[in-house]
Amino acid sequence: MDNSPDMMKGTTTIGIIFDGGVVLASEQRATMGYLIANKHAKKIYQIGKRFGMTTAGGVGDAQQLARVMTVEANLYEIRRNRSMSVRSAATLLSNLLHGNRGYPYYVQLLIGGVDESGPVLFSVDAVGGASEEDRVVATGSGSPMAFGVLEDRYRPGIDKDGAIELAIRALHSAIKRDAGSGEGLSISVITRDAYVELTPEEIAQHAPFTDK
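Residues numbered from 1 in each chain as written. Predicted model: local features only at pLDDT ≥ 70, side-chain atom pairs only at ≥ 80, totals over all residues. Heavy atoms only, no water.

### Quick look at helix α4 (residues 160–177)
Moving on, step 1. If you check α4, its first and last C-alpha atoms are 26 Å apart, about what 18 residues at 1.5 Å a residue would give, namely 26 Å.
Moving on, step 2. Residues of α4 that are buried include every one of Ala163, Ile164, Leu166, Ala167, Ile168, Ala170, Leu171 and Ala174, and no others.
Moving on, step 3. Where α4 is buried, its residues touch β1 (13–18), β2 (21–27), α3 (143–153), β11 (185–191) and α5 (200–205). (Helix = DSSP H or I, 4+ residues; strand = E, 2+ residues; numbered from the N terminus. Expected span 1.5 Å × (residues − 1). Buried < 20%, exposed > 50% of the residue type's maximum accessible area, 1.4 Å probe, protein only. Contact = heavy atoms within 4.5 Å.)

### Some details on α3
Within an α-helix, residues lying three or four positions from one another point in the same direction, as the helix has 3.6 residues per turn.
Moving on, step 1. Among the residues of α3, those classed as buried are Ser143, Ala146, Val149 and Leu150. An end-on view of α3 places all buried positions within 125° of arc, on one side of the element. Opposite the buried face of α3, by more than 90 degrees, sit the exposed residues Pro144 and Asp152.
Moving on, step 2. As for α3, its buried residues are in contact with β1, β10 (136–139) and α4. (Arc of directions from axis to C-beta.)

### Some thoughts on the packing of helix α1 (residues 59–80) against helix α2 (residues 86–99)
Moving on, step 1. Here α1 crosses α2 at 135°, and the two axes come no closer than 11 Å. Between α1 and α2, the interaxial angle falls into the category oblique. Crossing of α1 over α2 shows right-handed handedness. Contact residues: Leu65, Val68, Met69 and Glu72 in α1; Ala89, Leu92, Leu93, Leu96 and Leu97 in α2. (Axes fitted to C-alpha atoms, helices over the stretch in contact; angles between N-to-C directions. Parallel < 35°, antiparallel > 145°, perpendicular 65-115°, else oblique. Left-handed = near helix turned anticlockwise from the far one by under 90°.)

### Considering the pairing of strand β6 (residues 51–57)
Moving on, step 1. Among the seven residues that make up β6, six are buried, leaving the element largely enclosed by the rest of the structure.
Moving on, step 2. Where strand β5 (residues 44–48) lies against β6, four bridges are found, and the strand directions are antiparallel. What sits directly across from isoleucine 44, in β6, is threonine 54.
Moving on, step 3. In sequence, β5 turns back onto β6 through a hairpin of two residues. (Pairing = 2+ DSSP bridges.)

### Examining the side chain of serine 143
Moving on, step 1. You can see serine 143 is positioned in helix α3.
Moving on, step 2. We classify serine 143 as buried; its relative accessible area is 12%.
Moving on, step 3. What serine 143 contacts, discounting residues up to four positions off in sequence, is Thr12 and Ala138.

### Quick notes on the packing of aromatic side chains
Moving on, step 1. Following the criterion strictly, the structure yields zero aromatic pairs and no others.
Moving on, step 2. When the ring centre of tyrosine 45 is taken as origin, the NZ or CZ atom of lysine 42, which lies over that ring, is 5.2 Å away. (Phe/Tyr/Trp six-rings, centres within 6.5 Å; stacked < 30°, edge-to-face > 60°. Lys NZ or Arg CZ within 6 Å of the ring centre and 35° of its normal.)

### Some remarks on the sheet that holds β6
Two modes of strand pairing occur in sheets, parallel and antiparallel, and in both the strands are linked by backbone hydrogen bonds.
Moving on, step 1. With antiparallel pairing, the five strands of this open sheet are ordered in space as β5-β6-β7-β8-β9. Edge positions in the open sheet fall to β5 and β9 (130–133), since each of these has one partner strand only. Sheet twist, expressed as the mean angle between neighbouring strand axes with direction ignored, is 25°.
Moving on, step 2. Across the sheet, α1 touches β5, β6 and β7 (107–115), and the angle it forms with β5 is around 20°.
Moving on, step 3. Of the strands in this sheet, β6, β7, β8 (118–124) and β9 touch α2, which is tilted by about 160° from β7.

### As for the confidence of the model for the protein chain
Moving on, step 1. The predicted model of the protein chain averages 91 in pLDDT, with 93% of residues at 70 or higher.
Moving on, step 2. For the stretch residues 1–8, pLDDT sits under 50, and the model shows 18 contacts to residues farther than four places along the chain or on other chains. (pLDDT = per-residue confidence, 0-100.)

So, in structure tokens, the structure goes:
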């Protein structure tokens, strides 16, 4: 087993489109085989003013891609005096991954946010395949359990609070059955007005149904 921190993996990440924005969510456990390597791993990164990226897979690869995408989004805004769109960010990420397909990044990513076209959410695989999602999506080792909850409970026109609660329910379902997912939760809510990372207290307020 490779004990390099770059190989820490085991994840559940979620993206949900709601009426007016996008919720990105993940748990915080990073594993190396059967070892829980980190209980507070960062898996959601703000890339631009109104969009972010979730990461599943190798930690080192994910962190490098987050750094590159953040720099590219900042350079785009400086050069063009406007923010990069979510679709453009997904295309850039797809091209970057496809260009390295011979030595791939071991990742599965979500990019979501709000731009001129409204709420947008993409999933991107390790070799650059990008798919636009119109409702919900999950990635990582816990995604089969999360999808069961997401597909059952998602309703068209869901509001922000409903999307946050749904993300929490899906993550808790994954945590209960997937050894690679666990510990605390991270949730970012993106609207046309702001990119907001919820505090643990705010997350708890949306999850009165969870058992301690």
